[in-house]
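# Summary of structural features
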Amino acid sequence: MKFVDEFRDSGKAKALAREIENIVARLEKGRARPLQLMEFCGGHTHTIFRYGIEQMLPDGIEMVHGPGCPVCVLPMGRVDDCVALAERPEVIFTTFGDAMRVPGSRKSLLQAKADGADVRMVYSPLDALELARRHPDREVIFFGLGFETTMPSTALTVLQARREGVANFSLFCNHITTVPTIKAVLDSPDMMVDGFLAPGHVSMVIGEAPFQFITRDYRKPLVITGFEPLDILQSIWMVLKQFDEGRCEVENQYRRIVPPRGNTQALKAINEVFEIREFFEWRGLGSIDHSGVKMREAFADFDAERKFTVENPRIADPKSCQCGEVVKGVIKPWDCKIFGRQCNPENPMGALMVSSEGACAAYYNNGYHRRTA
Amino acid sequence: MCLGIPGQITEITSEEMLMARVTVAGVSREVNIACIVDDAHPPASCVGDWVLVHVGFAMSRIDEEEARRTLDILEQLGEVQEELSAMRQGAGA
Ligand code: SF4
């Protein structure tokens, strides 16, 4: 892995690692347990493992890999709904490739496709709209998922469909929101996380303000973080510096992409099309209040949930799954009793094994199969 | 899906629909530019700009050097090929 060595040898990475070590050594005095920092976003998890960033950190800090992988947290009931929609003969069901392999209680979308359902992978919701224009005799459903990063794209696509009057296009909306989810993690009694690296591209849309309550009400420092390995090291250092200097604030390491107020046009489109759901069901975390959005009444004609019957069954995660505890940093992936046995990337039982951005898959794929002494 | 990829706007294909042609690592496709146009940046002025593209939408402007560096890193992370093949497939899938 040439690039990993190059990264670690680089002057900047070395200097940051040294600084981090110095601060942790100071902070460690009088602490009974390591400092825990949560990276919320699956993109960050991916970079951390790809570049072996955890191995560059001293023992006094631990990274907790949060729930921010939209594919991972999709509950089985929702996948079942997708499969049921896709199996309708008039439907062309379109989705991002990432969602194809997520297991439902009966089958995944990939299996549904193999069994004859018309499931198509698209790169963009715009491609789904184009399919609807080209096949006026079919119903084209786009499976919208992801956090605020992808919400503007589906909102703008729906607005375009309405402008053109593409009546055979609809959205199956499963978008989820970042802030209520972080709040749920913070409110859970066994939570021990001391500080946060906040997702860069979500912040590019929503800006800095929505994170203020975390530093104000929960007193946890937070740094909005980019996706490159140096971004992550630098942000870890910034959080530690806040501890060291007794500060607790929202800082923005990713200023080159994240404007403090977010993206006005994107937020406008989101607010026009979507409203908050009472609650949304998460794989591994259960139901979280206000953690998802649905389409407003005005867009009922483009809402697959209203156009077709969608059952939204609640299917409990298998009992042996401990995804919730991993996500909160209470246990490490290898502490889960079925890690690497019944639950592995080929046959994922829990959410965090589904995509390479999930913590358990990342541990498994990178050979961290057990605690090393 | 969440990482995005930098590309350069080469032409505006529809002012009305706010669509533009973007070249990403040699692959060209149409993307929507609604999120990066405002009074200070009308569509016509966007040609030549580097942008971060997420699922077919330009989400923010970036400078050229930054764009090249990000492409390098995405290449190392093994993300570029996946993104490009998805892009090429487009609606034809
Ligand atoms: S090993 Fe599987 S079930 Fe256990 S926490 Fe990880 S993803 Fe969840």
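Residues numbered from 1 in each chain as written. Chains lettered and ligands numbered in written order. Predicted model: local features only at pLDDT ≥ 70, side-chain atom pairs only at ≥ 80, totals over all residues. Heavy atoms only, no water.

## Section: the site of the ligand
The line we're drawing: Being near a molecule or strand, for a residue, comes down to having at least one heavy atom within 4 Å of it. Gly counts as polar in this scheme, as do all residues outside two lists: the nonpolar Ala, Val, Leu, Ile, Met, Phe, Trp, Tyr, Cys and Pro, and the charged Asp, Glu, Lys and Arg.
All residues adjacent to the ligand are C321, Q322, C323, V326, C336, I338, F339, C343, G350, L352, M353 and C360 of chain A. Looking at the shell around the ligand residue by residue, the class counts come to 10 nonpolar, two polar and no charged.

## Structural notes on the sheet that holds strand β3 (residues 91–95) of chain A
Residues and elements named next belong to chain A. Put simply, the rule reads: The rule for pairing is simple: two strands pair if DSSP sees at least two bridges between them. Runs of H or I in DSSP of at least four residues are treated as helices and runs of E of at least two as strands, each being numbered from the N terminus. Working convention: axes come from line fits to C-alpha atoms, limited for helices to the stretch in contact. Angles between N-to-C directions cover 0 to 180 degrees. Whether two residues touch is decided by their heavy atoms; if any such pair falls within 4.5 Å, the residues are in contact.
Strand order in the open sheet formed by four strands is β4-β3-β5-β6, with parallel pairing between adjacent strands. On the outer flanks of this sheet lie β4 (119–121) and β6 (169–175), each paired with one strand and no other. Strand-to-strand twist in this sheet, taken as the mean axis angle between neighbours without regard to direction, amounts to 25°. Strand direction decides the pairing type here: β3 and β4, joined by three bridges, are parallel. Within β4, the position partnered with T95 by the bridge is M121. Across the sheet, helix α7 (residues 125–134) touches β3, β4, β5 (139–146) and β6, and the angle it forms with β5 is around 170°. Sitting on the sheet, helix α8 (residues 151–164) is in contact with β5 and β6, with an inclination near 160° to β6.

## A short note on the packing of α7 of chain A against α8 of chain A
Residue and element names in this part refer to chain A. Put simply, the rule reads: When an angle is under 35 degrees it counts as roughly parallel; over 145 it counts as roughly antiparallel; between 65 and 115 it counts as roughly perpendicular; any other value is oblique. Left-handed is the label given to a crossing in which the near helix is rotated counterclockwise from the far helix by less than a right angle, and right-handed is the label when the rotation is clockwise.
Two numbers describe how α7 lies on α8: the axes approach to 9 Å, and their chain directions differ by 25°. Classed by the angle they form, the pair α7 and α8 counts as roughly parallel. Viewed along their axes, α7 and α8 form a crossing whose handedness is right-handed. Across the interface between the two elements, P125, L126, L129 and R133 from α7 touch S153, T154, T157, Q160, A161 and E164 from α8.

## Considering the domain arrangement of chain A
Residues and elements named next belong to chain A. Note the cut-off: Reported domain spans reflect what an automatic or database domain assignment gives. Note on terms: buried area is the combined drop in 1.4 Å-probe accessible area of two parts once they are placed together, counting the loss on both. The term salt bridge refers to a pairing of a side-chain nitrogen on Lys or Arg with a carboxyl oxygen on Asp or Glu at a separation within 4 Å. Polar contacts here mean pairs of N or O atoms no more than 3.5 Å apart (in protein, one a potential hydrogen donor and the other a potential acceptor; neighbouring residues in sequence count only if both atoms are side-chain atoms).
Taken domain by domain, chain A holds domain 1 (5–34 + 45–60 + 185–252) and domain 2 (76–178 + 261–307). Taken residue by residue, the interface counts nine residues in domain 1 and 11 residues in domain 2. Of the roughly 690 Å² buried where domain 1 meets domain 2, counting both sides, 76% is carbon and sulfur surface. Along the contact surface separating domain 1 from domain 2 lie zero salt bridges. Counting across the interface, domain 1 meets domain 2 through three residue pairs in polar contact (both at pLDDT 80 or more). The element contributing the most residues to the side of domain 1 that touches domain 2 is helix α10 (residues 200–206), with six residues.

## Comments concerning the interface of chain A and chain B
Taken together, the contacts link 41 residues of chain A with 35 residues of chain B. Buried area between chain A and chain B, summed over both chains or domains, comes out near 3,300 Å², and the portion from carbon and sulfur atoms is 62%. Sorting the residues of chain A by area buried against chain B places Y123, E228 and Q265 of chain A first, and these three jointly supply 22% of that buried surface. Between chain A and chain B we count three salt bridges in total. The partner of D127 of chain A in a salt bridge is R29 of chain B, and the shortest N-O contact between them spans 3.0 Å. The interface formed by chain A and chain B contains nine residue pairs in polar contact (both at pLDDT 80 or more). Listed by contribution, the elements that provide at least two residues to the side of chain A that touches chain B are α3 (42–50), β4, α7, α8, α10 and α13 (264–273) of chain A. Looking at the side of chain A that touches chain B residue by residue, the class counts come to 20 nonpolar, 11 polar and 10 charged.

## A closer look at the state of the cysteines
Residue and element names in this part refer to chain A. Keep this limit in mind: When the sulfur atoms of two cysteines come within 2.5 Å, that pair is taken as a disulfide.
Overall, the coordinates contain one disulfide over all chains when judged by the stated rule. Disulfide pairing is shown between C69 and C72; the S-S distance is 2.5 Å. Its S-S torsion of approximately 75° makes the covalent link between C69 and C72 right-handed.

## Details of the packing of α8 of chain A against α13 of chain A
Residue and element names in this part refer to chain A. Here α8 crosses α13 at 65°, and the two axes come no closer than 8 Å. The chirality of how α8 crosses α13 is left-handed. Between α8, through M151, P152, A155, L156, V158, L159 and R162, and α13, the contact on the second element is made entirely by A266, A269, I270, E272 and V273. Looking at the contact of α8 with α13 residue by residue, the class counts come to 10 nonpolar, no polar and two charged.

## Topic: the environment of L145 of chain A
Structurally, L145 of chain A is set in strand β5. Along the primary structure L145 of chain A and F172 of chain A are separated by 27 residues, whereas in three dimensions their C-alpha atoms are 8.5 Å apart.

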